[in-house]
Amino acid sequence: MQEPYFIFDLDSTVTQEELLPLLARQIGMEEKSTEITEQARRGLLPFEESFRLQIELLRQIPVEDAQKIAGEIALNDRLVAWIRAHRERCFLATEHPDVWTQTLLQRLQMEGRCFSSKTITRNGYIDRISYYLNKKEIVGHFPTPLVAVGDGASDAEMLHLASVGIGFGGSRPIAPAARDNADYCVFDEQQLCALLDHLACPQPIASAAAPSFLRP
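A few points on the structure. All of these numbers come straight from a predicted model, not from anything done at the bench. (Residues numbered from 1 in each chain as written. Predicted model: local features only at pLDDT ≥ 70, side-chain atom pairs only at ≥ 80, totals over all residues. Heavy atoms only, no water.)

This part is about the sheet that holds strand 4 (residues 125-131). Strand order in the open sheet made by the seven strands is 4-3-2-1-5-6-7, with mixed pairing throughout. The sheet is open, and its two borders are formed by strand 4 and strand 7 (184-186), each paired with just one other strand. Going from strand to strand, the sheet's axes swing by 30 degrees on average, the running direction of each strand aside. Taken together, the four bridges between strand 1 (residues 5-9) and strand 5 (residues 146-150) define a ladder with parallel strand orientation. Bridging across to strand 5, phenylalanine 6 finds its partner in valine 147. Sheet contacts for helix 6 (residues 77-85): strand 1 and strand 2 (90-97); angle to strand 1, the most-contacted strand, approximately 145 degrees. Most of the contacts of helix 10 (residues 189-200) go to strand 6 (residues 164-168), to which it runs at about 170 degrees, and overall it touches strand 1, strand 5, strand 6 and strand 7. (Pairing = 2+ DSSP bridges. Helix = DSSP H or I, 4+ residues; strand = E, 2+ residues; numbered from the N terminus. Axes fitted to C-alpha atoms, helices over the stretch in contact; angles between N-to-C directions. Contact = heavy atoms within 4.5 Å.)

This part is about helix 6. Within the span of helix 6, buried status applies to Leu79, Val80, Trp82 and Ile83. All buried residues of helix 6 project into a common sector of 160 degrees when viewed along the axis, lining one side. Looking at helix 6, the residues exposed on the side facing more than 90 degrees away from the buried face are Asp77 and Ala85. Buried residues along helix 6 sit in contact with strand 1, helix 1 (10-14), strand 2, helix 7 (98-108) and helix 10. (Buried < 20%, exposed > 50% of the residue type's maximum accessible area, 1.4 Å probe, protein only. Arc of directions from axis to C-beta.)

It is the contact of helix 5 (residues 63-71) with helix 7, at a shortest axis distance of 7 Å, that shows an interaxial angle of 35 degrees. Taken as a pair, helix 5 and helix 7 cross one another with a handedness that is right-handed. Facing helix 5, whose interface residues are Val63, Ala66, Gln67, Ala70 and Gly71, helix 7 presents Val99, Trp100, Gln102, Thr103, Leu104 and Arg107. A breakdown of the residues in the contact of helix 5 with helix 7 according to their chemical character gives six nonpolar, four polar and one charged. (Left-handed = near helix turned anticlockwise from the far one by under 90°. Nonpolar A, V, L, I, M, F, W, Y, C, P; charged D, E, K, R; others polar.)

Another aspect to go through is empty space enclosed by the protein. It is the rolling of a water-molecule-sized probe over the atoms that shows where space remains empty. Inspection of every chain in the model, using the stated rule, returns one cavity of 30 Å³ or more. Taken together, 22 residues form the lining of the largest cavity, with Glu18, Leu20, Thr37, Phe47 and Glu95 sitting closest to its centre. Sorting the residues of the lining of the largest cavity by element identifies helix 3 (30-41), helix 4 (47-58) and strand 2 as the ones contributing at least two each. Classifying every residue of the lining of the largest cavity by side-chain character gives six nonpolar, seven polar and nine charged. (1 Å grid on protein atoms, 1.4 Å probe; cavity = no way out; pocket = protein on both sides within 12 Å on 5 of 7 lines; lining within 4 Å. Points joined across faces, edges and corners; volume = space filled by probe spheres on them.)

Turning next to the pattern of salt bridges. Side-chain pairs of opposite charge can arise where the charged atoms are in close proximity. In this structure the tally under the stated criterion is 15 salt bridges. Ionic pairing is found between lysine 135 and aspartate 9, a salt bridge with its closest N-O pair at 2.6 Å. Here the residue lysine 135 occupies a position in the loop between strand 4 and strand 5, and aspartate 9 occupies one in strand 1, the gap between them amounting to 126 residues. Since its relative accessible area comes to 1%, lysine 135 is described here as buried. For aspartate 9, a relative accessible area of 5% corresponds to the buried category. The network of salt bridges with shared partners includes Glu56, Arg59, Arg122, Asp127 and Arg128. (Salt bridge = Lys/Arg side-chain N within 4 Å of Asp/Glu carboxyl O.)

By the element assignment, glutamate 56 lies in helix 4. Given the relative accessible area of 43%, glutamate 56 is considered partly exposed. On a C-alpha basis, the gap between glutamate 56 and isoleucine 129 in space is 9.8 Å, while along the polypeptide they are 73 residues apart. At 3.1 Å, the side chain of glutamate 56 forms a polar contact with the side chain of arginine 59. (Polar contact = N/O pair within 3.5 Å; in protein donor to acceptor, adjacent residues only side chain to side chain.)

Applying the stated criterion across every chain yields a total of eight aromatic pairs. The interplanar angle of 15 degrees and the centroid separation of 6.4 Å between the aromatic rings of phenylalanine 6 and phenylalanine 8 together place this pair among those described as stacked. Of the residues examined, phenylalanine 6 reaches a relative accessible area of 0% and is grouped as buried. For phenylalanine 8, a relative accessible area of 0% puts it in the buried group. An aromatic cluster is defined as three or more aromatic residues linked by ring pairs; in this entry it consists of Tyr5, Phe91, Phe115 and Phe142. Stacked on the ring of tyrosine 5, the Lys or Arg arginine 89 has its end atom at 4.0 Å from the ring centre. (Phe/Tyr/Trp six-rings, centres within 6.5 Å; stacked < 30°, edge-to-face > 60°. Lys NZ or Arg CZ within 6 Å of the ring centre and 35° of its normal.)

Next comes the structure, spelled out in structure tokens:
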């Protein structure tokens, strides 16, 4: 069995924080942005609609400023080191516009390896959405086996469709939809990286015995 590919949600999985509230803080709209994010994360608001609302809220921020904020966000360093060590088989996924995350991807050394939403910019600002990323569509781009890692409701279908889905609660609680569609739920980076090491071995994933301290 070949070594699997790995796809990681970006916000609160690779990073320690959500990007949208940090951007909203710059314009005094953090509370409103957080409200939209939490409604979507809990499955109370369709993600495409929540994304449209967030873009409408945050489009007044210059793209250059958004890139700077994203580039300075705190990371889950142990997980980032694991991804870098296995870069040839790792990819990221985020609903955020690609223009916001360019600096962050450079910092992660993952340029050209991130699935994201697309926007049209005008005079240094986001003008409109041209493509919204639905993470479940990513799975079809990869041969099996595929391991997916995420924490939010928008990750749930991706976790369900992957060969192995991992709910990661290291930065915030795992959303119920993600938890219910995950094969494993882990709650700190050491546990997650141990499971990733286990799954990275070229063996039949379905029959492999997971480390005993992990909770399926």
